Amino acid sequence: SGCGWYMISLITMSSWKTNVFGLPGVQSVFLIYGIVFAALVLLGSVVMVNPPEDYRPAGWSPEASAKAGSLGAAGFEPGQMLKTPQFYSIWVVFLSSAIAGLMVIYCINLFGIDALEFRGVENAGLTTETAVAWLAIFNGLGRILWGMISDRIGRKSAIIIMSLAQGAAMLMTYHVFIHTGLTTGLIVAACLIGFNYGGIFALFPAITADYFGNKNVGSNYGWIFTAYGIAGIGGPLLAGYFKDSVQGAAHPIVWMTPFIIAGVACLAATAIIAFLGR
């Protein structure tokens with residue numbers, strides 16, 4: 001479903017005064033999501049089975065899929081993976097990309113309203129909710145399309161392009177997209193950031209398998225995914241800290257410090273993944 005869809009529902013249901021079992025709107029949203037997710041997980045568990053031990057998809061050769069010199073050919077255990085510099089490089093790149101996306105998911109509504117109202121745009125709240133909706137849509141598209149792109153150009157090249165594009169989008173959000181484009185610019189920025197953010201969920205499990213093998217990709221990716229947990233705390237705190245530190249500031253440019261930090265982090269991640277060795 002994605003974080004974007006969650007935010008849309010949270011905003012929409014709260015505004016509709018949704019009450020489930022007498023609970024207020026926000027609590028009702030959590031209850032509805034819990035019921036829906038539990039039902040879907042149980043339904044999925046009924047039909048999912050493990051493949052036979054020696055199963056191989058038609059036309060697939062593990063020898064051919066592992067490029068010459070790839071760590072993936074070794075089939076690393078988690079303990080072995082944690083001793084490699086490649087793990088920490090991939091982890092840092094994941095962290096940078098996730099911080100950027102999660103920071104925007106947290107603050108786009110507040111930032112958008114501040115920026116648009118400062119420039120005299122009417123119905124700024126409606127515009128920002130529209131931007132959140134488009135962010136969610138492109139978040140979902142990114143998970144599909146970035147995977148397709150990486151199948152054609154390779155995982156490493158796809159992450160380089162994605163991180164570079166995300167860094168540029170973060171740095172351009174205010175001075176280019178919103179300063180010149182106003183309402184349209186906010187929506188364009190949300191689409192770009194959401195699209196690149198969605199891509200991390202397609203590319204990082206795949207590059208984990210490429211570098212450390214398919215056999216233990218579930219447990220290995222779990223270690224990579226710890227970066228997302230840290231980003232889930234760091235991203236929102238990054239935006240909140242700088243906004244709170246200038247309470248009462250009238251100009252929305254105060255929001256741009258966390259955008260610049262996240263953008264530079266993504267550009268640094270681009271350099272890291274570009275020099276990532278096999």
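Being a predicted model, the structure only gives us computed values, none of them experimental.

## What about the overall build of the chain?
Step number 1: Regarding its fold elements, the chain presents 10 helices and zero strands.
Step number 2: Along its sequence from the N terminus, the chain presents helices and strands in the succession α-α-α-α-α-α-α-α-α-α.
Step number 3: A burial count over the chain gives 41% of its 278 residues as buried.
Step number 4: Pairs at least 24 residues apart make up 78% of the contacts formed inside the chain by residues separated by at least 6 positions.

## Notes on a nonpolar patch on the surface
Step number 1: Together, Leu-164, Leu-171, Met-172, Val-176, Ile-260, Val-264 and Leu-267 make up a nonpolar patch on the protein surface, roughly 520 Å² of accessible area in all.
Step number 2: Breaking the nonpolar patch down by element, the ones donating at least two residues are helix H7 (155–212) and helix H10 (256–274).
Step number 3: Here the nonpolar patch gets four residues from one element, more than from any other, and that element is H7.
Step number 4: Relative to the helices and strands, Leu-267 resides in helix H10.

## A short note on the packing of aromatic side chains
To describe a pair of aromatic rings, you give the distance between the ring centres and the angle between the ring planes.
Step number 1: In the structure shown here, the tally under the stated rule is 15 aromatic pairs.
Step number 2: Here the aromatic rings of Phe-111 and Phe-259 are separated by 5.0 Å at their centres, their planes lie at 40°, and the arrangement is tilted. Taken as a pair, Phe-111 in helix H5 (residues 85–118) and Phe-259 in helix H10 lie far apart in primary sequence, 148 residues in all. Accessibility assignment for this pair places Phe-111 and Phe-259 in one class, buried.
Step number 3: Judged by centre distance (5.7 Å) and plane angle (35°), the ring pair of Trp-146 and Phe-195 falls under tilted. Taken as a pair, Trp-146 in helix H6 (residues 124–153) and Phe-195 in helix H7 lie far apart in primary sequence, 49 residues in all.

## Some words on the pattern of salt bridges
Step number 1: A complete count under the given rule lists two salt bridges for this structure.
Step number 2: For Asp-151, the salt bridge identified is with Arg-155, shortest N-O distance 3.0 Å.
Step number 3: Note on Asp-151: relative accessible area 60%, which makes it exposed.
Step number 4: Among the salt bridges present, the one from Arg-155 reaches Asp-210, with a minimum N-O distance of 3.0 Å.
Step number 5: Residue classification places Asp-210 among the partly exposed positions, given a relative accessible area of 23%.
Step number 6: Through salt bridges with shared partners, one network takes in Asp-151, Arg-155 and Asp-210.

## What about empty space enclosed by the protein?
Empty space left among the atoms is revealed by rolling a probe the size of a water molecule over them.
Step number 1: Considering all chains together, one arrives at one cavity of 30 Å³ or more under this definition.
Step number 2: Empty space within the largest cavity amounts to approximately 40 Å³.
Step number 3: Around the largest cavity sit Val-104, Ile-108, Phe-111, Thr-173, Leu-186, Ala-189, Ala-190, Ile-193 and Phe-259, which together line it.
Step number 4: Secondary structure elements with two or more residues in the lining of the largest cavity: H5 and H7.
Step number 5: Take the lining of the largest cavity: its biggest share by element is five residues, from H7.
Step number 6: Among the residues forming the lining of the largest cavity, the class breakdown is eight nonpolar, one polar and no charged.

## Thoughts on H6
Step number 1: At Gly-142, H6 shows its maximal kink, close to 30°.
Step number 2: Those residues of H6 not exposed but buried are Ala-124, Thr-127, Thr-128, Ala-131, Val-132, Leu-135, Ala-136, Asn-139, Gly-142, Trp-146, Gly-147 and Ser-150.
Step number 3: Count one or two residues on from H6 and you reach Gly-154, which has phi positive near 100°.

## Digging into the environment of Pro-205
Step number 1: Take Pro-205: it is sitting in helix H7.
Step number 2: Given a relative accessible area of 23%, Pro-205 falls into the partly exposed group.
Step number 3: The spacing of Pro-205 and Gly-222 is 17 residues in sequence and 9.2 Å in space, taken between C-alpha atoms.
Step number 4: Ignoring sequence-local partners within four residues, the contact set of Pro-205 consists of Ile-200, Val-217 and Tyr-221.

What counts and how
- Residues numbered from 1 in each chain as written.
- Predicted model: local features only at pLDDT ≥ 70, side-chain atom pairs only at ≥ 80, totals over all residues.
- Heavy atoms only, no water.
- Helix = DSSP H or I, 4+ residues; strand = E, 2+ residues; numbered from the N terminus.
- Buried < 20%, exposed > 50% of the residue type's maximum accessible area, 1.4 Å probe, protein only.
- Contact = heavy atoms within 4.5 Å.
- Patch = residues over 30% accessible without salt bridge, like charges linked within 9 Å, V, L, I, M, F, W, Y side chains within 5 Å.
- Areas by Shrake-Rupley, 256 points an atom, 1.4 Å probe, with all protein chains shown as cover.
- Salt bridge = Lys/Arg side-chain N within 4 Å of Asp/Glu carboxyl O.
- Phe/Tyr/Trp six-rings, centres within 6.5 Å; stacked < 30°, edge-to-face > 60°.
- 1 Å grid on protein atoms, 1.4 Å probe; cavity = no way out; pocket = protein on both sides within 12 Å on 5 of 7 lines; lining within 4 Å.
- Points joined across faces, edges and corners; volume = space filled by probe spheres on them.
- Nonpolar A, V, L, I, M, F, W, Y, C, P; charged D, E, K, R; others polar.
- Bend = angle between axes of the 7 residues up to and from the residue.

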